[in-house]
Protein chains: 2
Amino acid sequence: MYDLSMRPFKHPPVSEFVLERLLYALSDPVRLEIVRRLATLGEASCGELDGGRPKSTMSHHFRILRDVGLVNTQTVGTTHMNSLRKDDVDSRFPGLLEAILSQPE
Amino acid sequence: MYDLSMRPFKHPPVSEFVLERLLYALSDPVRLEIVRRLATLGEASCGELDGGRPKSTMSHHFRILRDVGLVNTQTVGTTHMNSLRKDDVDSRFPGLLEAILSQPE
DNA sequence: CCCATAGTTCGAATATTATCGAACTTAAGT
DNA sequence: ACTTAAGTTCGATAATATTCGAACTATGGG
């Protein structure tokens, strides 16, 4: 859920989730793909999910996903492990994530 | 569904709906509110849904909602009647609209 | 025919965003 | 210590979006 091991990144508490911002975050093809992959993989490093895109570009997208509360990033050694904050998103927006991610393509 | 009476506006066929574009359209507070109101009212003119905003601003938002397939606009006399293309959206993205619009706020 | 109404379209100003190279940071490994 | 690996942050650029006034269009009424 939400504990201090998630530092040093700021992950917003569930109470600060905003529907419009979440929809915006998912409206970018690159970010939607990241979220889809995380949903199936469970977790992944940033590098595993770049499609040949530069690190700075990926870092930008991951930050947005973190800022809206979709993704949780924790430092494990030198890599950053990302996972979906599925339970948190579900608790704030029941059914939303499933409805979006179950859409084909 | 989709017949010629919808002219002169171009409404995309269901096959051209794109998930990301739909999410983007709904990520704007003004547009999400329009869609919410249409969902409860059934239909409404553009003027009924401006919140004191200029017509040109509203026209811009309605055009985006039409372009992504969310809204159907037909001319009735001098007013433009808008309604949600709920069945069309549902057929392409089952459960999506409901999942989004059922979220409070 | 003139006029008001309801929206659209155009154009411009402002603001946000996406992308990516370059420099920086932190943690391992040798 | 030095080096590599993995990301982040910064800065610039280019593309998109939002907002809104002004001019335009089309419809209906008197």
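Anyway, here's the lowdown on the structure attached to this text. (Residues numbered from 1 in each chain as written. Chains lettered and ligands numbered in written order. Predicted model: local features only at pLDDT ≥ 70, side-chain atom pairs only at ≥ 80, totals over all residues. Heavy atoms only, no water.)

## Digging into the interface of chain B and chain A
Right, on to step 1. Counting residues at the interface gives 18 residues for chain B and 18 residues for chain A.
Right, on to step 2. Across the chain B to chain A interface the summed buried area is about 1,500 Å²; carbon plus sulfur atoms make up 68%.
Right, on to step 3. The three residues of chain B that bury the most area against chain A are Glu20, Leu23 and Gln103 of chain B, which together make up 34% of that side's buried surface.
Right, on to step 4. Inspection of the chain B/chain A interface yields 0 salt bridges.
Right, on to step 5. At the boundary of chain B and chain A, one finds 2 residue pairs in polar contact (both at pLDDT 80 or more).
Right, on to step 6. Mapped onto the side of chain B that touches chain A, the elements with two or more residues apiece are α1 (19–26), α2 (29–41) and α6 (96–101) of chain B. (Contact = heavy atoms within 4.5 Å. Buried area = accessible area lost by both parts, 1.4 Å probe. Salt bridge = Lys/Arg side-chain N within 4 Å of Asp/Glu carboxyl O. Polar contact = N/O pair within 3.5 Å; in protein donor to acceptor, adjacent residues only side chain to side chain. Helix = DSSP H or I, 4+ residues; strand = E, 2+ residues; numbered from the N terminus.)

## Considering the environment of Ala44 of chain A
Residue and element names in this part refer to chain A.
Right, on to step 1. The residue Ala44 is located in strand β1 (residues 43–45) in this model.
Right, on to step 2. Residue Ala44 is classed as buried on the basis of its relative accessible area, which comes to 0%.
Right, on to step 3. In contact with Ala44, not counting residues within four places along its chain, are Leu38, Leu49, His80, Met81 and Asn82. (Buried < 20%, exposed > 50% of the residue type's maximum accessible area, 1.4 Å probe, protein only.)

## Structural notes on helix α1 (residues 19–26) of chain A
Within an α-helix, residues lying three or four positions from one another point in the same direction, as the helix has 3.6 residues per turn.
Right, on to step 1. Buried within α1 of chain A are the following residues: Leu19, Leu22, Leu23, Ala25 and Leu26 of chain A. Looking straight down α1 of chain A, one finds its buried side chains confined to an arc of 160°; they lie on one side. (Arc of directions from axis to C-beta.)

## Remarks on the protein's contact with DNA strand C
Right, on to step 1. Every one of the 21 residues lining DNA strand C counts as a neighbour, but Tyr24 and His61 of chain A together with Ser45, Ser59 and His80 of chain B are closest to it.
Right, on to step 2. Taken together, the sugar and phosphate atoms account for 66% of what DNA strand C places within 4 Å of the protein.
Right, on to step 3. Contacts to DNA strand C include Arg31 of chain A, whose side-chain N or O atom sits 2.9 Å from a phosphate oxygen.
Right, on to step 4. The separation between a phosphate oxygen of DNA strand C and a polar side-chain atom of His61 of chain A is 2.5 Å.
Right, on to step 5. Of all the secondary-structure elements, those providing two or more residues to the surface near DNA strand C are α4 (55–67) of chain A together with α3 (46–49), α4 (55–68) and β3 (79–84) of chain B.
Right, on to step 6. The biggest single contributor to the surface near DNA strand C is α4 of chain A, with 5 residues.
Right, on to step 7. For the surface near DNA strand C, a count of residues per class yields 5 nonpolar, 12 polar and 4 charged. (Near = heavy atom within 4 Å. Nonpolar A, V, L, I, M, F, W, Y, C, P; charged D, E, K, R; others polar.)

## As for the protein's contact with DNA strand D
Right, on to step 1. What surrounds DNA strand D is a group of 22 residues, the closest being Gly47, Ser59 and His80 of chain A together with Tyr24 and His61 of chain B.
Right, on to step 2. Within 4 Å of the protein, atoms of DNA strand D come from sugar and phosphate in 62% of cases.
Right, on to step 3. Contact distances for DNA strand D include 2.6 Å between a phosphate oxygen and a side-chain N or O atom of Ser59 of chain A.
Right, on to step 4. Contact between DNA strand D and His80 of chain A: a sugar or linking oxygen at 2.7 Å from a side-chain N or O atom of the residue.
Right, on to step 5. Those elements that place two or more of their residues in the surface near DNA strand D are α3 (46–49), α4 and β3 (79–84) of chain A together with α4 of chain B.
Right, on to step 6. Taken together, the residues of the surface near DNA strand D break down into 5 nonpolar, 13 polar and 4 charged.

## Some details on the relation of the copies chain B and chain A
Right, on to step 1. The transformation that overlays chain B on chain A combines an axial shift of 0.0 Å with a rotation of 180°, and the residual RMSD is 0.0 Å. Here the copies are linked by what is in effect a two-fold axis.
Right, on to step 2. Interface overlap between copies: 100% of the residues of chain B at the interface are likewise at the interface in chain A, consistent with a symmetric, same-surface contact. (Least-squares fit on C-alpha atoms with pLDDT ≥ 70 in both.)

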